[in-house]
Amino acid sequence: MKKFLSFCVVLLLCGQTVLAAEPNVAAQGAALIDGETGRLLWGKNAESPMEMASTTKIMTAILVLEKADPKEVVTISANAAKQPDVQMGLKEGEQWYVGDLLRAMMLKSYNDAAVALAEHVSGSVEAFCMEMTAKAASIGATDTVFGSPNGLDSHLTREQHHSTPLDMGIITAYALQNPVFREIAVLPSHTFADVSGKKVHTAVNTDRFLQMYAGALGVKTGYTNKAGHCFVGAAEQEDMILVSVVLASGWGNTGKEAKWTDTKKLMDYGFATYEKQEIAQAGEIMGEIAVTRSPVKKITAGLAEGYSGVFSEDEVSRLQWQAELPETLEAPIEQGEQIGTATLELDGETIVEIPLTAQTAAPAYTLSQQYRRLLSVWFDWIEFLPEM
């Protein structure tokens, strides 16, 4: 059995650490997320289950984008048509295109459009919600349950419909990987007609964040009597995407304004504190290994690829590489062959794992080389025989 050595490489911070004041938000639950990896950067009750109102529609949009063609025709059911405000005013039997209903749902938060899309994709609201929950779990949002596709929760318990600030950030980070989702989220408005061309509708984006913050990408507002005012936002500056989540920022006009103030505080803190940093380059050496049955006595192990991530300067000073490598390897070994694994850790938490590869080749002894080695060993043995 091979024995493994663990090499620890500490990353030293050069320069002075600048600490921004942590945000003080009104929201009962909040999270700031790295929009590329979904890593939690800052949180307040970030892993507490809470109602999330119409921010639910982010996951509805994900499933629609992944499971339906925008040109598919949706026939409106009686159930979809009877959904309460905010509604588009859909009527039973009308036919609309998937892409148009999706944009209307995201821009104006229409509850009837969300139900119509859910029924079209999965056959029923119940089946669609099961798929929403399963999809959330598959992308790392493990404490999220969907009981409705539009976020209306008066008929549901928290156990039947909830998420956490962290999970909503993970879900949104995933959604932002889809270019169509990103295009929809920043639309100022969308004008469209039903299949017959006789009924025309315009949906205007209600997301104030798009006008109030540099680099804003949307994403979705929400409100119910249970959830209070909620907002999931995203912004991009200098190749770094941050996702902010505020749940239950308050009720009434105070809460309505607080969700925007909370979001700005989170984003200001994030862009002042974190930046995209190159942590390691491809080929960076993480250790060396002795080689047997080869004229090459040792080889170095280097990262198969580089790594860049969003970190504060203080976090960079606490990053460590752990490299798992065998004590010895038997030739032949090809250059570029995987020979171990490097794990980047922050305070014991795994950030990323990257294969370690041989930076040079180590060929096995040729037949003539093996003969010469045997002869060398034999002559050495003869030399030390006692005289007769």
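None of the values given here were measured: they were computed from a predicted structure. (Residues numbered from 1 in each chain as written. Predicted model: local features only at pLDDT ≥ 70, side-chain atom pairs only at ≥ 80, totals over all residues. Heavy atoms only, no water.)

Enquirer: Hey, could you run me through the overall build of the protein chain in this one?
Expert: From N to C terminus, the protein chain includes 11 helices and 18 strands. A total of 388 residues make up the protein chain; the buried ones form 49% of that total. Of the contacts made within the protein chain by residues no fewer than 6 positions apart, 67% connect residues no fewer than 24 positions apart. (Helix = DSSP H or I, 4+ residues; strand = E, 2+ residues; numbered from the N terminus. Buried < 20%, exposed > 50% of the residue type's maximum accessible area, 1.4 Å probe, protein only. Contact = heavy atoms within 4.5 Å.)

Enquirer: What is the right way to read unusual backbone geometry from this model?
Expert: Negative phi characterises most residues that are not glycine, and trans characterises most peptide bonds. The omega angle of the peptide bond from Asp 85 to Val 86 is 5°, so this bond is cis rather than trans. The residue Val 86 is located in the loop between α2 (78-81) and β5 (95-97) in this model. With an omega of 10°, the peptide bond between Ala 331 and Pro 332 qualifies as cis. Note that Pro 332 resides in the loop between β16 (328-330) and β17 (338-346). We note that Ala 248 has phi near 55°; this positive angle belongs to a residue other than glycine. Mapped onto the fold, Ala 248 is located in the loop between β10 (240-247) and α9 (252-273).

Enquirer: Sorry if this is basic, but what is going on with the confidence of the model for the protein chain here?
Expert: In the predicted model, the protein chain carries a mean pLDDT of 92, and the fraction of residues at 70 or more is 90%. The low-confidence segment residues 1-7, where pLDDT is below 50, has 20 contacts with residues more than four positions distant or belonging to other chains. Note that pLDDT drops below 50 for residues 12-18; the model gives that stretch seven contacts with residues more than four away or on any other chain. (pLDDT = per-residue confidence, 0-100.)

Enquirer: Can you walk me through the nonpolar core in this structure?
Expert: Looking at soluble globular proteins, one finds that nonpolar side chains tend to be buried together. Leu 101, Met 106 and Ile 171 are the most contacted members of the largest nonpolar core, which totals 64 residues. Ile 171 has contacts with Ile 58, Met 59, Ile 62, Ala 136, Ile 139, Ala 141, Thr 144 and Phe 146, leaving out every residue within four places of it along the chain. If you look at the next biggest cluster of nonpolar residues, it comprises 28 residues, including Val 316, Ile 333, Ile 339 and Val 352. (Core = buried A, V, L, I, M, F, W, Y, C linked by side-chain atoms within 4.5 Å.)

Enquirer: Please clarify how the packing of helix α1 (residues 57-67) against helix α6 (residues 165-175) should be interpreted in this entry.
Expert: Working note: a packed helix pair is described by the angle between its axes plus the distance between those axes. The contact between α1 and α6 brings their axes to 10 Å, and the two run at 35°. Once α1 is placed against α6, the crossing between them reads as left-handed. Side by side, α1 and α6 meet where Ile 58, Met 59, Ile 62 and Glu 66 of the first sit next to Met 168, Ile 171, Thr 172, Tyr 174 and Ala 175 of the second. For the contact of α1 with α6, the per-class residue count stands at seven nonpolar, one polar and one charged. (Axes fitted to C-alpha atoms, helices over the stretch in contact; angles between N-to-C directions. Left-handed = near helix turned anticlockwise from the far one by under 90°. Nonpolar A, V, L, I, M, F, W, Y, C, P; charged D, E, K, R; others polar.)

Enquirer: I would appreciate a short explanation of helix α5 (residues 125-138) in the present structure.
Expert: Between its first and last C-alpha, α5 extends 20 Å over 14 residues, near the 20 Å set by a 1.5 Å rise per residue. All buried positions along α5 are accounted for by Val 125, Phe 128, Cys 129, Met 132, Lys 135 and Ala 136. The arc that holds the buried residues of α5, viewed along the axis, is 125°, so those residues lie on one side. Turned more than 90 degrees from where α5 packs its buried face, Glu 126, Met 130 and Ser 138 sit exposed. Buried residues belonging to α5 abut α1, α2, α4 (111-122) and α6. Directly after α5, the chain includes Gly 140, whose backbone phi takes a positive value near 105°. (Expected span 1.5 Å × (residues − 1). Arc of directions from axis to C-beta.)

Enquirer: I would appreciate a short explanation of the side chain of His 162 in the present structure.
Expert: As for its placement among the helices and strands, His 162 is situated in the loop between α5 and α6. Residue classification places His 162 among the buried residues on the basis of a relative accessible area of 9%. A polar contact is formed between the side chain of His 162 and the backbone oxygen of Arg 158, at a distance of 2.8 Å. Beyond its immediate chain neighbours, meaning those up to four positions away, His 162 contacts Pro 49, Met 50, Met 52, Asp 143, Thr 144 and Val 145. (Polar contact = N/O pair within 3.5 Å; in protein donor to acceptor, adjacent residues only side chain to side chain.)

Enquirer: I tried to follow the packing of helix α3 (residues 98-108) against α4 on my own but got confused; where do I start?
Expert: Remark: α3 packs on α4, axes separated minimally by 9 Å, with the N-to-C direction vectors making an angle of 140°. Here α4 runs oblique to α3, going by the angle between their axes. Where α3 crosses over α4, the handedness of that crossing is left-handed. The segment α3 lies against α4, with Val 98, Leu 101, Leu 102 and Met 105 engaging Ala 113, Ala 114, Ala 116, Leu 117 and His 120. Here the contact of α3 with α4 is built from residues that sort into eight nonpolar, one polar and no charged. (Parallel < 35°, antiparallel > 145°, perpendicular 65-115°, else oblique.)

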